[in-house]
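Chain residues, written in single-letter form:
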Amino acid sequence: MPPSQGLRLMAIHAHPDDESSKGAATMAAYVDAGAEVMVVTCTGGERGDILNAAAGELAHAHRDLPGVRRGEMAEAARVLGIEHRWLGYVDSGLPQGDPLPDLPFGAFASQPVEIASAGLIKLIREFRPHVITTYDENGGYPHPDHIHAHKLALFSFEHAANPRMYPHLGDAWEVRKLYYDRAFAPDRFRALHYAMIDAGYESPYTERVKRWEEDQQDQMFSWVSPHTTTTQVHCADYFSKRDQALLAHRTQIDPEGFFFAVPEHIYAEHWPWEDYTLITSKVSTELPESDLFAGLR
């Protein structure tokens, strides 16, 4: 990672823990290189499930889940060395059923984009990021809050630069580059699958890889948008920080679960990157990239 003093990166996420499962090692690497990194979390994760029954705060979580999630987020931010801001909206939950039920009253995903973006535009104009990362049009996975966070990010990326829009929210600022996170890139899971088999481990991705190899349109995860990876940030030295940040979200992250299915040394040797798709750039850059700030240094 080249020295990155004076450069600023903003990552826009839906819930506390999303920042640690998507792009965390990249952020930690840039912080160590001298960049300023801010995570904006749109909701408090109030309607999330308690996914780790062994969590020490389990009883507390049942009494005050929003409070516990704020504490977990603060710990993850400390581990990664990032700045953090809450946008302040209420988690929409993950609707289940056919047909899907209406969203809860006041939920984040039901807020008009033009209104909900105001707080994000204010943060962009205050922090003045050169680069923003967020989810693709399917939200990375199709949670209504992830999809809405995507919409807010695109709207704010465009309108934060327009001095006629929201003039009371600060001086206009043009973000130079916008990326989609590719945490669910099929190529990564296939590479890790075969690396685990070759090393004598049981792969957790066997069925997904089989389906994808039989049908390349399957994309392994049904919700993954077929974007091309343009940018891979080498950040294997920060995978341990990523894992520490994930574990800070102890009510949501099972230490024996999906995110820890691949040993760190397998990750580091066979897929030492985090993956992104460059969607918009106001500066000249050459693809493929190995740096989110390519063209800005």
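Residues numbered from 1 in each chain as written. Predicted model: local features only at pLDDT ≥ 70, side-chain atom pairs only at ≥ 80, totals over all residues. Heavy atoms only, no water.

Draft legend 1. Quick look at the packing of aromatic side chains. Across all of its chains, the model carries 8 aromatic pairs by this definition. Measuring from ring centre to ring centre gives 6.4 Å for F184 and F189, while their planes differ by 15°; the resulting arrangement is stacked. Across the pair, exposure class does not vary: F184 and F189 are buried alike. Taking the centre distance of 5.0 Å and the plane angle of 80° together, the rings of F189 and Y205 count as edge-to-face. Of this pair, F189 sits in helix α7 (residues 186-198) while Y205 is found in the loop between α7 and α8 (206-214), placing the two residues 16 residues apart along the sequence. Here F189 matches Y205 in class, with each residue buried. (Phe/Tyr/Trp six-rings, centres within 6.5 Å; stacked < 30°, edge-to-face > 60°. Buried < 20%, exposed > 50% of the residue type's maximum accessible area, 1.4 Å probe, protein only. Helix = DSSP H or I, 4+ residues; strand = E, 2+ residues; numbered from the N terminus.)

Draft legend 2. Representation of the side chain of E19. As for its position among the elements, E19 is in helix α1 (residues 18-21). Here E19 occupies a buried position and makes no salt bridge, while the nearest side chain of opposite charge, K22, is found at 8.3 Å. One polar contact links E19 to S20, side chain to side chain, over a distance of 2.6 Å. (Lys, Arg positive; Asp, Glu negative; His and termini not counted. Salt bridge = Lys/Arg side-chain N within 4 Å of Asp/Glu carboxyl O. Polar contact = N/O pair within 3.5 Å; in protein donor to acceptor, adjacent residues only side chain to side chain.)

Draft legend 3. Geometry of the packing of helix α2 (residues 24-32) against helix α9 (residues 239-248). Two elements in contact, α2 and α9, have axes separated by 8 Å at closest approach and are oriented at 120°. Taken as axis vectors, α2 and α9 run oblique relative to one another. Seen from above, α2 lies across α9 with right-handed handedness. Where α2 approaches α9, its residues A24, A25, A28 and D32 are matched on the opposing element by F239, K241 and R242. Here the contact of α2 with α9 is built from residues that sort into 4 nonpolar, no polar and 3 charged. (Axes fitted to C-alpha atoms, helices over the stretch in contact; angles between N-to-C directions. Parallel < 35°, antiparallel > 145°, perpendicular 65-115°, else oblique. Left-handed = near helix turned anticlockwise from the far one by under 90°. Contact = heavy atoms within 4.5 Å. Nonpolar A, V, L, I, M, F, W, Y, C, P; charged D, E, K, R; others polar.)

Just distances and angles here, no functional claims.
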